[in-house]
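Structural overview
Spelled out from the first residue to the last, the chains are:
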Amino acid sequence: MERTRFFDKMEQLSTRHLLGIKDLNPNDIELIMATAKEFKEVINRPIKKVPSLRDVTIANVFFENSTRTRLSFELAEKRLSADTINFSASGSSVKKGETLLDTVNNILAMKVDMIVMRHASPGAPHFLSNHIKANIVNAGDGTHEHPTQALLDSFSMQERIGDLAGKKIAIIGDILHSRVALSNIFALKKQGAEVMICGPSTLIPRHITATGVTVSHDVREALAWCDVANVLRIQLERQQIKYFPTLREYSLYFGINKKMLDELDKEIVLMHPGPINRGVELSSDAADSHHSIILDQVENGVAVRMAVLYLLAAQN
Ligand code: NCD
């Protein structure tokens, strides 16, 4: 792919950073999807690497745990021939009291062009964007947003069901603590999809209908309604109080198994951002069934992140 390809004015993102889906306009989303489609083709070639970001250095700065997102960004950077460095808070000088801004400024002093950042505090990447020059990609800020996850989710849905305008997407699980939920709601609404969220009332944010979604507390109703079910993990590590009596009870009322999916009188697409808590929100027979596109999501994550990094680099 020619690096100059998307550099003309019409085909640039409207933003220098990817802080959240909230800031993107529908054209940005369309441009990322189209670019990711080309990169998906690239990463399925025998030689998976292109020189597009050969002169760009990217730091992956992770203050919170990650498996998929971190590996996916790192691979996306390598496929684009960027130089990468990795930072994780555990084992770093953060433990010695260094501030976020000092940590990042020290990384930038080593001539880094872009920061991919995960942090437990909502708004941490937004704060940084007011103080540093490098492009920032939010790889998850607490319970707030996880924009690349929502973009790869949209890309994976489009592959299965085409244009998302008018399609019905249910997001099922711990909506209250999920950054994946909020970013997906923004992304799907901007593409004209209908969105229903489903979970116990204690795990549904109080003013969520202001985003234009409908709410259900009945998982069977949500499954019967939707074209795609995006199922989320119960984020126990973010729950300081009890939101439901036991995991067993949650699983009995909101868990999804293959029988429930097979009994629907339509095709349904099952998604999950990972990590799955098997036997809680999804049974193994559902997660591994033909309904599931969970591993496609992981594959598409690399192409979508390549697209985001490539398009942001074009802004410099
Ligand atoms: C999600 C996250 O970290 O927000 N996982 C991911 O990035 N693939 C969802 C989760 O942790 O449940």
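What you see is a predicted model, and the numbers here were worked out from it, not measured in a lab.

1. Side note on the packing of helix α2 (residues 68–79) against helix α11 (residues 294–313)
For the pair α2 and α11, interaxial distance at closest approach is 8 Å and the crossing angle is 55°. Considered as vectors, α2 and α11 are oriented oblique to each other. The two elements α2 and α11 meet at a crossing, and its hand is right-handed. From α2, Arg68, Thr69, Ser72, Phe73, Leu75, Ala76, Glu77 and Arg79 reach across to α11, where they touch Val298, Gly301, Val302, Arg305, Met306 and Leu309. In terms of residue class, the contact of α2 with α11 is made up of seven nonpolar, three polar and four charged.

2. Digging into the domain arrangement of the chain
Domain assignment breaks the chain into domain 1 (21–144 + 298–313) and domain 2 (147–293). Counting residues at the interface gives 27 residues for domain 1, matched by 25 residues for domain 2. Summing the contributions of domain 1 and of domain 2, the shared interface buries around 2,200 Å²; its carbon and sulfur component is 64%. On the domain 1 side of the contact with domain 2, Ile21, Met33 and Thr143 bury the most area, a combined 28% of that side's loss. On inspection of domain 1 and its partner domain 2, the count reaches three salt bridges. A salt bridge links glutamate 64 to arginine 179; its shortest N-O distance comes to 2.9 Å. At the junction of domain 1 with domain 2, the criterion picks out nine residue pairs in polar contact (both at pLDDT 80 or more). Among the elements of the structure, α1 (26–43), α2, β3 (114–119), β4 (135–141) and α11 are those that each provide at least two residues to the side of domain 1 that touches domain 2. When residues of the side of domain 1 that touches domain 2 are assigned to their parent elements, the largest contribution, seven residues, is made by α1. Taken together, the residues of the side of domain 1 that touches domain 2 break down into eleven nonpolar, eight polar and eight charged.

3. Notes on the pattern of salt bridges
Following the criterion strictly, the structure yields eleven salt bridges and no others. The salt bridge partner of arginine 238 is glutamate 64, with a shortest N-O separation of 3.0 Å. With arginine 238 in the loop between β8 (228–231) and α8 (247–254) and glutamate 64 in the loop between β1 (57–62) and α2, the pair connects residues that are 174 residues apart, well separated along the chain. The burial state of arginine 238 is the same as that of glutamate 64; both residues are buried. Among the ionic pairs, arginine 160 bridges to aspartate 296, the shortest N-O distance being 3.1 Å. Pair noted here: arginine 160 is in helix α5 (residues 147–161) and aspartate 296 is in helix α11, with a separation of 136 residues, a long-range link. Judged by relative accessible area, arginine 160 falls into the partly exposed class, the value being 46%. A residue is classified by how much of its surface remains accessible, and aspartate 296, at 26% relative accessible area, is partly exposed.

Criteria and thresholds
- Residues numbered from 1 in each chain as written.
- Predicted model: local features only at pLDDT ≥ 70, side-chain atom pairs only at ≥ 80, totals over all residues.
- Heavy atoms only, no water.
- Axes fitted to C-alpha atoms, helices over the stretch in contact; angles between N-to-C directions.
- Helix = DSSP H or I, 4+ residues; strand = E, 2+ residues; numbered from the N terminus.
- Parallel < 35°, antiparallel > 145°, perpendicular 65-115°, else oblique.
- Left-handed = near helix turned anticlockwise from the far one by under 90°.
- Contact = heavy atoms within 4.5 Å.
- Nonpolar A, V, L, I, M, F, W, Y, C, P; charged D, E, K, R; others polar.
- Domains from an automatic or database assignment.
- Buried area = accessible area lost by both parts, 1.4 Å probe.
- Salt bridge = Lys/Arg side-chain N within 4 Å of Asp/Glu carboxyl O.
- Polar contact = N/O pair within 3.5 Å; in protein donor to acceptor, adjacent residues only side chain to side chain.
- Buried < 20%, exposed > 50% of the residue type's maximum accessible area, 1.4 Å probe, protein only.

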